[in-house]
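As a plain string of letters, each chain reads:
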Amino acid sequence: MNSYNISKSVPKMEITSSEYIASYVREDQCPQGDMPEIAFIGRSNVGKSSLINMLCDKKDLAKTSKQPGKTQKLNFSSSMSNGI
Ligand SMILES: Nc1nc2c(ncn2[C@@H]2O[C@H](COP(=O)(O)OP(=O)(O)O)[C@@H](O)[C@H]2O)c(=O)[nH]1
Ligand SMILES: [Mg+2]
């Protein structure tokens, strides 16, 4: 079978650094910037925080928990990518 490894031939966007900024309880407190924003939305305990940590290659950027309902604030982090 002809195997074609797309991951080797297509340039990949990679997150090169990430840091936690702060947490806010209201939307009007959140930073107003002109940078693109990515929000992770989903059911409690579905793995949003784990996915964020995986994509950012950080262990504890987003707190993970077995117990649902632990995240009660709007948590902001800033990331840089390789520009792709
Ligand atoms: N089995 C399994 N557990 C996962 C996976 N992703 C996350 N978890 C676990 O599910 C729980 C909830 O994950 P978390 O990332 O905190 O979910 P969030 O509430 O959506 O942010 C944690 O105990 C994680 O370790 C996965 O892909 N497989
Ligand atoms: Mg979470």
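Quick caveat: nothing in here was measured; it's all calculated off a predicted structure.

Asks: Please set out the overall build of the chain residue by residue, giving values where relevant.
Replies: Within the chain, the secondary structure is distributed over 2 helices and 2 strands. Listed N to C, the secondary structure of the chain is α-β-α-β in terms of helices and strands. Its C-alpha atoms give the chain a radius of gyration of 16 Å, more than 25% over the compact-globule value 12 Å for 84 residues. Across its three principal directions, the C-alpha atoms of the chain cover 55 × 35 × 20 Å.

Asks: Run through the site of ligand 1, naming residues and quoting values.
Replies: Taken together, Gly42, Ser44, Asn45, Val46, Gly47, Lys48, Ser49, Ser50, Thr64, Ser65 and Lys66 make up the full set of residues near ligand 1. Looking at the shell around ligand 1, its residues break down into 1 nonpolar, 8 polar and 2 charged.

Asks: Could you give me a rundown of the environment of Pro11, with the residues and numbers involved?
Replies: Mapped onto the elements, Pro11 comes out in the loop between helix H1 (6–9) and strand S1 (15–24). Linking Pro11 and Gly47, residues 36 residues apart in sequence, is a C-alpha distance of 26 Å.

Asks: Could you give an account of unusual backbone geometry, naming the residues involved and the relevant values?
Replies: Apart from glycine, the bulk of residues carry a negative phi angle, and the bulk of peptide bonds sit in the trans form. The residue Asn45 is not glycine, and still its phi comes out positive at about 70 degrees. Mapped onto the elements, Asn45 comes out in the loop between S1 and helix H2 (48–56). Among the residues examined, Asn45 registers 15 C-beta atoms within 10 Å and is labelled partly exposed. Despite not being glycine, Asp57 has its phi angle at roughly 55 degrees, a positive value.

Asks: Tell me about the pairing of S1, and please be specific about residues and values.
Replies: Little of S1 is tucked away: 0 of the 10 residues are buried. When S1 meets strand S2 (residues 74–81), the two strands line up antiparallel, connected through 8 bridges. Along S2, the bridge assignment pairs Ser23 with Asn75.

Asks: Got a sec to walk through the environment of Pro31? Specific residues and values, please.
Replies: Secondary-structure assignment places Pro31 in the loop between S1 and H2. Beyond its immediate chain neighbours, meaning those up to four positions away, Pro31 contacts Ile21 and Phe76.

Asks: Quick one: what's the story with the environment of Leu74, residue by residue and with numbers?
Replies: In this structure, Leu74 sits in strand S2. On the basis of neighbour counts, which here come to 14 C-beta atoms within 10 Å, the residue Leu74 falls in the partly exposed class. Taking C-alpha positions, Leu74 is 7.7 Å from Glu27, a pair spaced 47 residues apart along the chain.

Rules used in this analysis
- Residues numbered from 1 in each chain as written.
- Chains lettered and ligands numbered in written order.
- Predicted model: local features only at pLDDT ≥ 70, side-chain atom pairs only at ≥ 80, totals over all residues.
- Helix = DSSP H or I, 4+ residues; strand = E, 2+ residues; numbered from the N terminus.
- Rg over C-alpha atoms; globule rule 2.2 N^0.38 Å.
- Near = placed C-beta within 6 Å.
- Nonpolar A, V, L, I, M, F, W, Y, C, P; charged D, E, K, R; others polar.
- Buried ≥ 20, exposed ≤ 12 C-beta atoms within 10 Å, placed from the backbone.
- Pairing = 2+ DSSP bridges.
- Contact = placed C-beta atoms within 7 Å.

Keep in mind these numbers describe shape, not what the thing actually does.
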